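Observations on the model geometry
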Amino acid sequence: MFEYAPAPESRSVVEIASSYGLFIDGSFDGGKDGDVFKTVNPATEEVLAEVASAGPEDVDRAVAAARRAFGTWSALPGAERAKYLFRIARIIQERSRELAVLESLDNGKPIRESRDVDLPLVAAHFFYYAGWADKLGHAGFGPDPRPLGVAAQVIPWNFPLLMLAWKVAPALATGNTVVLKPAETTPLSALFFADVCRQAELPAGVVNIVTGAGDTGAYLVAHPDVDKVAFTGSTEVGREIARSVSGTGKRLTLELGGKAANIVFDDAPIDQAVEGIVNGIFFNQGHVCCAGSRLLVQESLFEPLMDSLKRRMATLRVGDPLDKNTDVGAINSAAQLTRIRELSEIGSVEGAERWSPECQLPDRGFWFAPTIFTGVTQAHRIAREEIFGPVLSVLTFRTPDEAVAKANNTPYGLSAGIWSEKGSRILAVADQLRAGVVWANTFNKFDPASPFGGYKESGYGREGGRHGLEAYLA
Ligand code: NAD
């Protein structure tokens, strides 16, 4: 096997201050409550910065600023709003190296992914929705669709800046104003985005960023002057939010967890399928709601596929997220690492067979080796629950009907993958899968023009594409 010399990206392209305030009404301030929390680099456990924790009074101020800004922002012609969005998209491109390094430092994801996937998609979302801002009358929602008002947006830590873009870009394009709360383990890129908004001279109050933990999020979504709630995160918190919002007249979209089936038929091109399986579960350390975490393999292909998969996994480089050779970075937090470890232990106890390639994990930081479980049955917890880590559960099937039945046997329904040479089989199977996105002979492909969202416990509403506009229009 090749030995790779270290190829670290320079950390000096980003300047991180020792502390950050809240971004309310166009400027940063320390927060009225005075509470702060620390955000750490999960690859080293080094504290990156102290960040203000927004209390009720701060959230009130942010919502009030968004409300004041709504009148003028929503009254701007779409072409004028588009100019701001185009400007934001271009500034993100110009600052993409800095933002990619920042994202890898705060999140733990490999620089190769933040640089080549997250940041290009973030810019693409702003470009895409900038293009819609002056064409809303042609989007299929009536001749003059109106914005909802103030949108409360709560996002997770797995794709901090990309989830921000998915939420902020369509909201602004349609004339809404925003109060966004990033996750407590990854607040920094949202705060840098606030600076991008200032650079773009976005009018004060159109975008407000309040940092803090779950209680800040709970207070924000329950705020009486919020018109729309958009949430991405766990199914458990999604349920709480649905309860808090019900009966209030607020519009709600929920993008929750998943346990996607990646189905490989015996006529699939093995090498491509192996790449798709690896991408499906080890991309972003498996912290992906649509990760292909359940591999369904046609029985006759099981042995050759497992041999190829193990050979490929042995070449994955786990380690320093800032090294350009790294394939698998750090687990985002100690809490998430504990959860991955616990569920993996349960997998072994319940009788599945665990395998990981030999790999040396760094001494400090939060790490988990890429892992597969074979001999998994549908009753096993590792086949039912979202692990949200680099852990693959492998099951087998004999017939297409059995594959469909097993794929759909989950409380979730966010995504699925099908690998086969036969187009008719792909279409027939895709038709029967209860999943918001079905990829064929590929996996984890994202595009701002394509809607994304779930069935059942994966949530409701769609983000992305023309469909994504609807969630922000009256
Ligand atoms: P989470 O749902 O606890 O947190 C997501 C966001 O919601 C964070 O910003 C958090 O501060 C906020 N939040 C927490 N409690 C809240 C409340 N009561 N009201 C409003 N906002 C609240 O998710 P997590 O702790 O980051 O991860 C836990 C699990 O969630 C993971 O193991 C995984 O299963 C799932 N998850 C899914 C996605 C996804 O993209 N679908 C993303 C992250 C996590």
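Residues numbered from 1 in each chain as written. Predicted model: local features only at pLDDT ≥ 70, side-chain atom pairs only at ≥ 80, totals over all residues.

Going by the annotation in an unreviewed UniProt entry, the name recorded for the protein is Aldehyde dehydrogenase (Acceptor), with Actinoplanes xinjiangensis given as the source organism.

**A closer look at the sheet that holds strand β5 (residues 47–52)**
Selection criterion: Any two strands with at least two DSSP-identified bridges between them are counted as paired. Under the scheme used here, helices are H or I runs from DSSP no shorter than 4 residues and strands are E runs no shorter than 2 residues, and both carry numbers assigned from the N terminus.
If you walk across this open sheet you meet the 3 strands as β1-β5-β4, and the pairing is mixed. Two strands in the sheet have a free side with no partner beyond their single neighbour: β1 (19–20) and β4 (36–40). When β1 meets β5, the two strands line up parallel, connected through 2 bridges. Following the sheet pairing, serine 19 is matched in β5 by glutamate 50.

**Focus on helix α13 (residues 400–408)**
Stated formally: Residue burial is a threshold on neighbouring C-beta atoms within 10 Å of the residue's own C-beta, all placed from the backbone, with 20 or more meaning buried, 12 or fewer meaning exposed, and counts in between meaning partly exposed. The directions from the helix axis to the C-beta atoms are what the arc is built from. Once C-beta atoms are placed from the backbone, any two residues with those atoms within 7 Å are in contact.
Among the residues of α13, those classed as buried are Ala403, Val404 and Ala407. Within α13, the buried residues cover an arc of 95° as seen down the axis, which keeps them to one side. Where α13 is buried, its residues contact β11 (261–264), β12 (294–298), β15 (391–397), β16 (415–419) and α14 (423–432).

**Some words on the sheet that holds β15**
Test applied: To get an axis, a line is fitted to the C-alpha atoms, and for a helix only the part in contact is used. The angle between two axes follows their N-to-C directions and goes from 0 to 180 degrees.
What the 7 strands build is an open sheet, ordered β13-β14-β15-β12-β11-β16-β17; its pairing is mixed. Of all the strands in the sheet, the pair left with one neighbour each is β13 (353–355) and β17 (437–440). Here the average twist between neighbouring strands, direction ignored, is 20°. As paired strands, β16 and β17 are joined by 4 bridges and run parallel to one another.

**Quick word on the domain arrangement of the protein**
The line we're drawing: Reported domain spans reflect what an automatic or database domain assignment gives. Throughout, the ten residues Ala, Val, Leu, Ile, Met, Phe, Trp, Tyr, Cys and Pro are labelled nonpolar, Asp, Glu, Lys and Arg are labelled charged, and all others, Gly among them, are labelled polar.
The domain architecture assigned to the protein consists of domain 1 (11–256 + 458–470) and domain 2 (261–447). The gap between the C-alpha centroids of domain 1 and domain 2 is 30 Å. Contacts between domain 1 and domain 2 engage 20 residues on the former and 25 residues on the latter. Mapped by element, the contributors of at least two residues to the side of domain 1 that touches domain 2 are α3 (96–107) and α4 (111–132). Split into classes, the residues belonging to the side of domain 1 that touches domain 2 amount to 7 nonpolar, 7 polar and 6 charged.

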